[in-house]
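Survey of secondary and tertiary structure
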Amino acid sequence: MPGKIRYNRGNGHDKRDGVSLEEIVMNNIYLPYLTTIEDIYEEAPDVRTFRLVFKDQNVRDSFAFKAGQFGLYSAFGAGESTFCIASSPTRKGYIQCTFRKGGRVTSALSDLGIGDTMGFRGPYGNWFPIDEWKGKNIVFIAGGIGLPPVRSVIWNCIDRRKDFGDITIVYGAKSVADLVYKNELAEWGKMSDVKLVQAVDPGGETPDWKGKVGFVPTVLEQAAPSPNNAVAVTCGPPIMIKFVLQALNKLGFSDEQVYTTLENKMKCGVGKCGRCNVGDVYICKEGPVYTAAAVKKMYNDF
Amino acid sequence: MANKFLKKETIGKLIDALTSEGSIFVAPKMDARQVVYAPVSRMEEIVFDYIVPRNPFKEFLFPQTEPIAVFTIAKEAVDMKGVEVNAKETVIFGSRPCDAASVASLRSVFNWDLKDEFYNRREDKAVVMSVACTKADDACFCTTVNLAPDSPAGSDILLKETESGDYVVEVITDKGKKFAERFGNIFEDVSAKKAKPAADVKRIKGIDEKKIKEWLKDTKNYENPLWAELSRKCIGCGACTFACPTCHCFDIVDEGSAFEGERIKNWDACQFEFFTLHTSGHNPRDTQYKRWRNRFMCKFNFYPNKFKSYGCVGCGRCIRVCPVRLDITEVMATISVME
């Protein structure tokens with residue numbers, strides 16, 4: 001904003017202990033940072049990725065997040081929508097989000113073009129404990145539009161390739177057209193130190209489809225990654241996650257080895273509006289990243 | 001702290017003194033043939049004979065609708081600016097002790113980790129002057145949740161009526177002390193006045209909050225068919241949530257034209273189907289009993305365990321306003337005897 005900075009924006013974590021309320025301007029935890037859409041990628045029918053840069057140079061320089069964290073994205077006039085940050089924290093200077101056009105806000109976001117302004121609040125929530133995974137083999141399992149949060153971790157691990165053992169990616173979508181990040185899938189497929197297994201649901205294949213045909217849990221069982229010294233990261237539709245967890249159990253993975261991210265509807269993102277809770281667990285504050293063991297302890301409120 | 005004394009006839013002076021300074025004086029008054037907490041400007045507007053006002057006074061700390069930011073959309077300049085809250089001092093006279101106890105609950109939600117200054121600035125400027133209950137109705141159940149008709153929790157000043165209609169004044173908090181000192185000409189130093197006995201609100205037999213909490217803690221009981229049975233008649237109108245002093249859920253929406261508008265925080269209710277509906281069509285709480293179960297859990301599990309505060313203060317409003325007579329105490333009683 002021109003002139004003086006009057007409002008604290010974005011993540012609401014500004015330190016202001018010992019200052020009385022009268023002396024300072026209000027710390028508005030709901031006020032987003034302003035961002036410019038720098039690039040737009042068409043991923044699949046109605047699915048887009050935005051590359052966003054913060055308008056404020058100070059924010060651009062200081063903004064940091066970890067893989068798995070999320071934010072609230074504003075289309076001014078339509079409202080806010082919650083998605084993960086789909087880019088990797090190792091890629092600095094911008095963030096990306098990937099979303100499917102569906103409701104009021106995502107439709108309004110879809111109407112925006114390169115150079116347009118939108119809002120971002122965050123980063124919020126916890127993250128995947130990647131540093132604890134050093135030396136381990138990592139298996140990524142994603143379905144459809146569940147790839148974006150996993151993609152942040154995938155690039156994070158690939159950018160720190162030496163820290164990890166084998167990297168396996170199992171990804172499937174309804175049809176070939178519905179696969180997101182097609183260019184990156186091609187890139188991962190070419191990497192000699194990444195094992196990529198792609199699949200589409202039966203009936204979703206095209207004549208020249210070279211990947212598997214089948215549902216993700218089945219394809220995962222066939223790929224049969226070893227549970228030894230491994231962690232698994234999964235995200236997708238609730239029904240897919242349910243069967244992926246069963247498949248991983250069959251393969252010998254314990255619930256402590258499996259991580260997922262629970263993406264519920266949110267409005268505030270900071271533990272106040274009351275809708276993202278799964279029983280007594282507030283996804284926005286205590287999640288969204290959990291081990292399968294933690295998920296099994298929750299109230300059945302999915 | 002020595003008790004003080006407030007003569008009923010001087011309340012008008014207190015209102016004048018406060019409103020002339022720009023403060024808001026909220027008290028029980030008649031509106032559409034109901035007693036409600038509302039701002040008053042004259043003592044004659046105040047209703048002194050009431051049990052519990054129709055609305056909780058949370059709307060003066062957490063307005064039903066409140067702009068949090070303004071946006072402008074122009075070709076070369078899209079911007080959003082925060083809205084500053086300049087809360088006015090708000091005296092809530094005639095609050096009931098149950099409602100006063102709910103303030104700590106709201107405070108805990110709006111302050112865990114990130115602090116909501118829209119709430120805090122208002123609460124900082126609010127003075128809660130409760131009047132202990134000398135009457136109760138069949139819906140009142142404060143004693144069942146371990147509060148009382150004369151409980152001081154959450155009040156800055158607690159007033160107890162005398163036979164003459166005046167008040168014995170108990171100063172509870174520092175804020176209350178400063179307030180009583182500021183109006184030293186109104187709060188008299190008279191001792192040895194006798195207040196009327198508090199209302200006799202009987203504990204509801206068979207309700208054991210400890211047992212309820214234990215039963216709720218077991219995640220297996222979340223699947224018990226009892227939930228669907230107990231809440232079958234709920235029509236999901238959400239009236240209980242709006243009338244509840246501790247319900248705090250809200251929505252954030254943008255309203256305005258194509259060029260400018262406001263981002264607004266509105267009360268919302270966990271009883272509504274859209275509340276948790278994902279864009280994909282998936283809804284974690286897709287049937288009414290799941291939404292009702294969530295509200296009950298919020299009162300007797302989330303609030304006490306997570307926020308260490310009262311989820312239910314026993315005001316009885318949800319029972320009074322429910323169009324299908326779903327009585328939360330019946331559910332409490334049923335769960336109390338579950339194995």
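Everything numeric in this text was worked out from a predicted model, so none of it was measured.

All names here are of chain A. Assigned domains within chain A: domain 1 (33–123) and domain 2 (130–261). Between the C-alpha centres of domain 1 and domain 2 the distance comes to 24 Å. Contact with domain 1, which involves 16 residues of that partner, is made by 16 residues of domain 2. At the level of elements, β1 (33–44) and β5 (95–100) are the ones that each hand at least two residues to the side of domain 1 that touches domain 2. For the side of domain 1 that touches domain 2, the residue count by class is eight nonpolar, five polar and three charged.

This paragraph deals with the interface of chain B and chain A. Opposite the 48 residues of chain B that make contact, chain A presents 40 residues. No other element matches the six residues that strand β11 (residues 250–256) of chain B contributes to the side of chain B that touches chain A. Residues belonging to the side of chain B that touches chain A are distributed by class as follows: 23 nonpolar, 12 polar and 13 charged.

The next thing to look at is the confidence of the model for chain A. Residues and elements named next belong to chain A. With 92% of its residues at a pLDDT of 70 or more, chain A shows a mean pLDDT of 92. Across residues 1–7, where pLDDT falls below 50, the model places seven contacts with residues more than four positions away in sequence or in other chains. Counting interchain partners and residues more than four positions distant, the pLDDT-below-50 stretch residues 15–23 has five contacts.

Residue and element names in this part refer to chain A. The end-to-end C-alpha distance of helix α6 (residues 238–251), which contains 14 residues, comes to 20 Å, matching closely the 20 Å that a straight helix rising 1.5 Å per residue would cover. Every buried residue belonging to α6 is among Met 240, Ile 241, Val 244, Leu 245, Ala 247 and Leu 248, and all of these are buried. The buried residues of α6 all sit within an arc of 165° when viewed along its axis, so they share a single face. Turned more than 90 degrees from where α6 packs its buried face, Ile 239, Lys 242, Gln 246 and Lys 250 sit exposed. Along its buried surface, α6 packs onto β7 (137–143), α5 (216–223), β11 (230–235), β12 (258–261) and α8 (292–296).

Take the sheet that holds strand β6 (residues 117–124) of chain A next. Residue and element names in this part refer to chain A. In space, the six strands of this open sheet follow the order β4-β3-β6-β1-β2-β5, with antiparallel pairing throughout. Of all strands in the sheet, those with a lone pairing partner are β4 (79–84) and β5, marking the two edges. Each strand axis lies, on average, 40° off the axis of its neighbour in the sheet, ignoring direction. Looking at chain direction, β1 and strand β2 (residues 47–54) are connected through eight bridges and run antiparallel. By the bridge assignment for β2, Ala 44 is matched with Val 47.

Let us look at the confidence of the model for chain B. Per-residue confidence for chain B gives a mean pLDDT of 95, with 99% of residues at or over 70. Interface confidence for the predicted complex, expressed as ipTM, amounts to 0.92; the pTM equals 0.93.

Residue and element names in this part refer to chain B. With antiparallel pairing, four strands are arranged side by side in an open sheet as β5-β4-β12-β11. Only two strands of the sheet have a single neighbouring strand rather than two, namely β5 (78–82) and β11. Taken over all neighbouring pairs, the strand axes of this sheet differ in orientation by 25° on average, direction set aside. As paired elements, β11 and strand β12 (residues 260–267) share seven bridges and run antiparallel to each other. Its bridge partner being in β12, Glu 255 is matched across the sheet by Glu 262.

Right, let's talk about the pairing of β5(B) for a bit. Residue and element names in this part refer to chain B. Side-chain alternation along β5 places Val 78, Met 80 and Gly 82 on a buried face and Asp 79 and Lys 81 on a face that remains uncovered. Across five bridges, strand β4 (residues 65–73) lies against β5 in antiparallel orientation. Bridge pairing in β5 links Phe 71 to Met 80. Where β4 hands over to β5, the hairpin turn is made up of four residues, counted between the paired strands.

Once that is clear, we can look at the packing of helix α2 (residues 97–111) of chain B against helix α3 (residues 117–124) of chain B. All names here are of chain B. Where α2 meets α3, the axes come as close as 9 Å, and the angle between the chain directions of the two elements is 145°. Crossing hand, α2 versus α3: left-handed. Every residue of α3 that contacts α2 at Val 103, Leu 106, Arg 107 and Phe 110 is listed here: Tyr 119, Asn 120 and Glu 123. Of the residues contributing to the contact of α2 with α3, the split by class is four nonpolar, one polar and two charged.

Criteria and thresholds
- Residues numbered from 1 in each chain as written.
- Chains lettered and ligands numbered in written order.
- Predicted model: local features only at pLDDT ≥ 70, side-chain atom pairs only at ≥ 80, totals over all residues.
- Domains from an automatic or database assignment.
- Contact = placed C-beta atoms within 7 Å.
- Helix = DSSP H or I, 4+ residues; strand = E, 2+ residues; numbered from the N terminus.
- Nonpolar A, V, L, I, M, F, W, Y, C, P; charged D, E, K, R; others polar.
- pLDDT = per-residue confidence, 0-100.
- Expected span 1.5 Å × (residues − 1).
- Buried ≥ 20, exposed ≤ 12 C-beta atoms within 10 Å, placed from the backbone.
- Arc of directions from axis to C-beta.
- Pairing = 2+ DSSP bridges.
- Axes fitted to C-alpha atoms, helices over the stretch in contact; angles between N-to-C directions.
- Left-handed = near helix turned anticlockwise from the far one by under 90°.

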